[in-house]
Each structure stands twice: as C-alpha cells, then as structure tokens.
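# Summary of structural features
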Amino acid sequence: MFTGIIEGLGTIRGIQPSGEGCKLAVDADFALAGTRLGDSIAVNGACLTAVALNGRSFTVDVSPETMARTTFGRMRAGDRVNLERALRLSDRLDGHLVSGHIDGMGSLADRKARSNAIIISFRVPRDLTRYMIPKGSVAVDGVSLTINAVTADGFEVSLIPLTARLTTVGMKAVGDAVNIETDMIGKYVERFVTGGKPKTAAGQDGVDIDFLARHGFL
C-alpha cells in the first residue's frame, strides 16, 4: 500500500525483455536504507517487487499484465520515474490510499499556468472516469492528486510548484502517456451495490435509483 506522496525520483538504467514482460533496473536519487529483497516499490505508480538491490540501485520484474496496463512498454533507458516505497502502519497518510495496481493509461491533453499552479488536463478511457469525482483523488504516475473537474473522457488537476518540481508529472508535455490508478473505494462501492455487474438492468439484483426509491431511501 502506498500514499501517492513521491519519495524521490529515479532513472531507468536498463531494460531486459523477458517474453511479454521485462526486468527493469532503476537508479534511485535517494538512499534505499532499510529496503530489503522482496519489498514493494512503486515505480511510476505501479507496485513492483525488488528482486535485486545494490546501494541506490534496484531491479524489478514486470509481468505481462503490468506491461499491458502501464507505460512501461514505452520506457527507454534514461527515463525519469517517480519512486515510493511501501507505506508503514506508523506513517502519516498525507495523500490517499494507493494500491499500486494501475487501472490503465491516460495522456496529457492540455497544460497551462494559472497564478502559482499548473492546470493539467488528462484524457483517459471512459471506463475510468466513472470512478472519479470532483475533489476526489487520483494517482497519476503514482502521484496523489486532487481532481478539479471530470468529463466523460478526462479530468483536470492542479499542480503546485513543489509537486511539479519533485515529480515527473511536472515534466510531462502534451501527448505524453501516464499511468492512472482511480480511487479504490469507488470500485469497491460499485461492486457492492451492483453485485459485480457493470450496470444494473431491470430485474437484476443490485442497488440503483429505483431500488432506493422503492425502499424509502429517496
């Protein structure tokens, strides 16, 4: 489990293809003191397991599923990445609950300066925006951000100067791809009220507006 508060940046040192997956070698900009083999490290928001450690460098295996859902298939040696080690129960939760399980990819659609902030719009698949609400949370390349506005196929966030400087999101240009993880609470609520069905049709089990009205909740 992570918070979306990036611990530091790193650089992709090497990529070794392995069938539909790969091994990534990463050099962190900060000391990895206390990190052990088998520990989880979020790389651009994706929870990966450290299989080798050497000072500030570590290696992770990336599975075919992760390759298919993330931007790792587009990465090159020298690319900068956001890094966060797993949350400890004694830590402050300064961002929001982030699982490190990427839902899909988005792309930066627009960015503009407004006073002391950078307003960035992202385009994402429509099946992701259903889990987004204004003033809710979203993880973009592992960075916990507050949603300003949501459309059918995108959302808008504000970056303060510190976030722009300390994460890769501030480095992104229009058209760049990013990893997206939506709020896990919304996904659990949807599954609970629909019984696991994407939408509740007439006559099916689940909770919808008609159900709530019939039972006196509305």
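Up top is the structure these notes are about.
Reference entry: report on the structure contained in this document. (Residues numbered from 1 in each chain as written. Predicted model: local features only at pLDDT ≥ 70, side-chain atom pairs only at ≥ 80, totals over all residues. Heavy atoms only, no water.)

## Quick notes on the pattern of salt bridges
In plain terms, the rule: Here, a salt bridge means any side-chain nitrogen of Lys or Arg that lies within 4 Å of a carboxyl oxygen of Asp or Glu. Put simply, DSSP marks the helices as runs of H or I at least four residues long and the strands as runs of E at least two long, and each gets a number from the N terminus on. Relative accessibility under 20% of the residue-type maximum defines a buried residue, over 50% an exposed one, and the middle range a partly exposed one, all with a 1.4 Å probe and only protein chains included.
Per the stated rule, a full pass over the model turns up 10 salt bridges. In this structure, arginine 85 and glutamate 7 form a salt bridge, with 2.6 Å as the shortest nitrogen-oxygen distance. You can see arginine 85 sitting in strand β6 (residues 80-85) and its partner glutamate 7 sitting in the segment before β1 (8-18), a full 78 residues away along the chain. On the basis of relative accessible area, glutamate 7 is assigned to the partly exposed category, the value being 37%. Between lysine 112 and aspartate 110 there is a salt bridge whose closest N-O contact spans 3.6 Å. A relative accessible area of 39% means that lysine 112 is categorised as partly exposed. Overall, aspartate 110 belongs to the partly exposed group, its relative accessible area being 32%.

## What to know about unusual backbone geometry
In this structure, lysine 135 is a non-glycine residue whose phi angle is positive, near 70°. By secondary structure assignment, the location of lysine 135 is in the loop between α2 (126-129) and β9 (137-140). For lysine 135, a relative accessible area of 64% gives the class exposed. Residues other than glycine seldom take positive phi values, yet aspartate 141 does so here, at roughly 50°. As for its position among the elements, aspartate 141 is in the loop between β9 and β10 (143-151).

## As for the sheet that holds strand β11 (residues 154-159)
Using the following cut-off: Strand pairing requires that DSSP identify at least two bridges connecting the strands. Here an angle of 0 to 180 degrees is reported between the N-to-C directions of two axes, which are lines fitted to C-alpha atoms, with helices fitted over the stretch in contact.
With antiparallel pairing, six strands are arranged side by side around a closed barrel as β7-β8-β11-β10-β9-β12. Adjacent strand axes in the sheet meet at a mean angle of 45° when their direction is disregarded.

## Observations concerning the pairing of strand β5 (residues 57-62)
With five of its six residues buried, β5 lies for the most part within the structure. Relative to β5, strand β4 (residues 46-54) runs antiparallel, the two sharing four bridges. Residue pairing for β5: alanine 52 is matched across the bridge by threonine 59. Between the antiparallel neighbours β4 and β5 lie two residues, among them glycine 55 with a positive phi of about 65°.

## Some details on a nonpolar patch on the surface
Basically, it comes down to this: Patch definition: residues with relative accessible area over 30% and no salt bridge; like charges joined within 9 Å; nonpolar side chains (Val, Leu, Ile, Met, Phe, Trp, Tyr) joined within 5 Å. In this description, accessible areas are obtained by the Shrake-Rupley approach with a 1.4 Å probe, and a residue is regarded as covered only by the protein chains that are shown.
Taken together, the side chains of Met1, Leu93 and Leu97 define a hydrophobic patch exposed on the protein surface, amounting to about 260 Å² of accessible area. Among the secondary structure elements, methionine 1 is positioned in the segment before β1.

## Here's the deal with helix α4 (residues 184-194)
Let me state the cut-off plainly: Throughout, the arc means the angular range of directions from the helix axis out to the C-beta atoms. Pairs of N or O atoms within 3.5 Å make up the polar contacts considered here, provided that, within protein, one atom can donate a hydrogen while the other can accept it, and that residues adjacent in sequence are counted only when both atoms are side-chain atoms.
Listing the buried residues of α4 in full gives Met184, Glu190 and Thr194. Taken down its axis, α4 places every buried residue within 125° of arc, on the same side. Turned more than 90 degrees away from the buried face of α4 sit Tyr188 and Phe192, all of them exposed. If you check the start of α4, you find a side-chain oxygen 3.2 Å away from the backbone N of isoleucine 185, and it comes from aspartate 183. Glycine 195 sits one or two residues past α4 and shows a positive phi near 70°.

## A short note on the nonpolar core
Threshold: To define a nonpolar core, start from buried Ala, Val, Leu, Ile, Met, Phe, Trp, Tyr and Cys residues and group those joined through side-chain atoms within 4.5 Å. Contacts are residue-level and defined by heavy atoms, with any inter-residue pair within 4.5 Å sufficient.
Formed by 21 residues in total, the largest nonpolar core has its most connected members in Leu24, Val43, Phe58, Val62, Phe72 and Leu83. Secondary-structure elements contributing two or more residues to this core are β2 (21-28), β3 (40-43), β4, β5 and β6. The contact partners of leucine 83, leaving out residues within four places of it in the chain, are Ile6, Glu7, Gly8, Leu9, Gly10, Val26, Ala28, Phe30, Ile41, Ala42, Val43 and Phe58. Membership of the second largest hydrophobic core comes to 20 residues, among which are Ile6, Leu128, Val143 and Val157.

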